[in-house]
Amino acid sequence: HYVELRMEFLGKGPSDVKSLQQTYSIMIERIPADLRSDRALYDYFNRLFPEKVHSACVILDVPDLEVTARRVERVTRRLEKSIAYFEATRRRPTHIAGRPRINFLNIECSPLEVDIGRPCHETYDFEEEGVMPP
């Protein structure tokens, strides 16, 4: 796809004098690891073609970075929530691996545990936990 667009661009020519740099730009793939920085690549080509290199920009392909960043955000939110829970209750929160989670309005929480045999108002003993009901 890039080659087609490049050929079309070169066929029409630059629209103004300022874009002459684009006419002489090249794309290089499979750059050796020791040249994968803007400065190293510039220096390499400047040695090959002294005073003829305008600039060099290295764009790294990191497809897993976004996935990893989202995971870091999710783990950070869970950790902050656990710290807040501990600070409020002085009890360490627990998590059972594989337990389902609920995401509501971008707030992640665990499903409520309700004993079906007892009315809901009896499932949490406020006095035993040292917390007054609202």
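Read on for an overview of the structure. (Residues numbered from 1 in each chain as written. Predicted model: local features only at pLDDT ≥ 70, side-chain atom pairs only at ≥ 80, totals over all residues. Heavy atoms only, no water.)

1. As for the packing of aromatic side chains
The geometry of an aromatic ring pair is captured by the separation of the ring centres together with the interplanar angle, meaning the angle of the planes.
Okay, so step 1: The tally for this structure, following the rule as stated, stands at 1 aromatic pair.
Okay, so step 2: Between Tyr44 and Phe45 the ring centres are 5.4 Å apart and the planes differ by 80 degrees, which places this aromatic pair in the edge-to-face class.
Okay, so step 3: Overall, the relative accessible area of 33% leaves Tyr44 in the partly exposed class.
Okay, so step 4: Lying across the ring of Phe86, Arg92 places its NZ or CZ 4.8 Å from the centre. (Phe/Tyr/Trp six-rings, centres within 6.5 Å; stacked < 30°, edge-to-face > 60°. Buried < 20%, exposed > 50% of the residue type's maximum accessible area, 1.4 Å probe, protein only. Lys NZ or Arg CZ within 6 Å of the ring centre and 35° of its normal.)

2. Remarks on the environment of Tyr44
Okay, so step 1: Residue placement: Tyr44 occurs in helix α3 (residues 38-48).
Okay, so step 2: Separated by 12 residues in the primary sequence, Tyr44 and Ala56 place their C-alpha atoms 9.9 Å from one another. (Helix = DSSP H or I, 4+ residues; strand = E, 2+ residues; numbered from the N terminus.)

3. Overview of helix α4 (residues 64-89)
Okay, so step 1: Its 26 residues give α4 an end-to-end C-alpha distance of 37 Å, which sits within 8% of 38 Å, the value for a rise of 1.5 Å per residue.
Okay, so step 2: Looking one or two places after α4, you find Arg90, whose phi comes out positive at around 60 degrees. (Expected span 1.5 Å × (residues − 1).)

4. Structural notes on a nonpolar patch on the surface
Okay, so step 1: A cluster of nonpolar side chains, Tyr2, Val3, Met7, Leu10 and Met27, forms an exposed patch at the surface whose accessible area comes to about 510 Å².
Okay, so step 2: Relative to the helices and strands, Val3 resides in helix α1 (residues 2-12). (Patch = residues over 30% accessible without salt bridge, like charges linked within 9 Å, V, L, I, M, F, W, Y side chains within 5 Å. Areas by Shrake-Rupley, 256 points an atom, 1.4 Å probe, with all protein chains shown as cover. Salt bridge = Lys/Arg side-chain N within 4 Å of Asp/Glu carboxyl O.)

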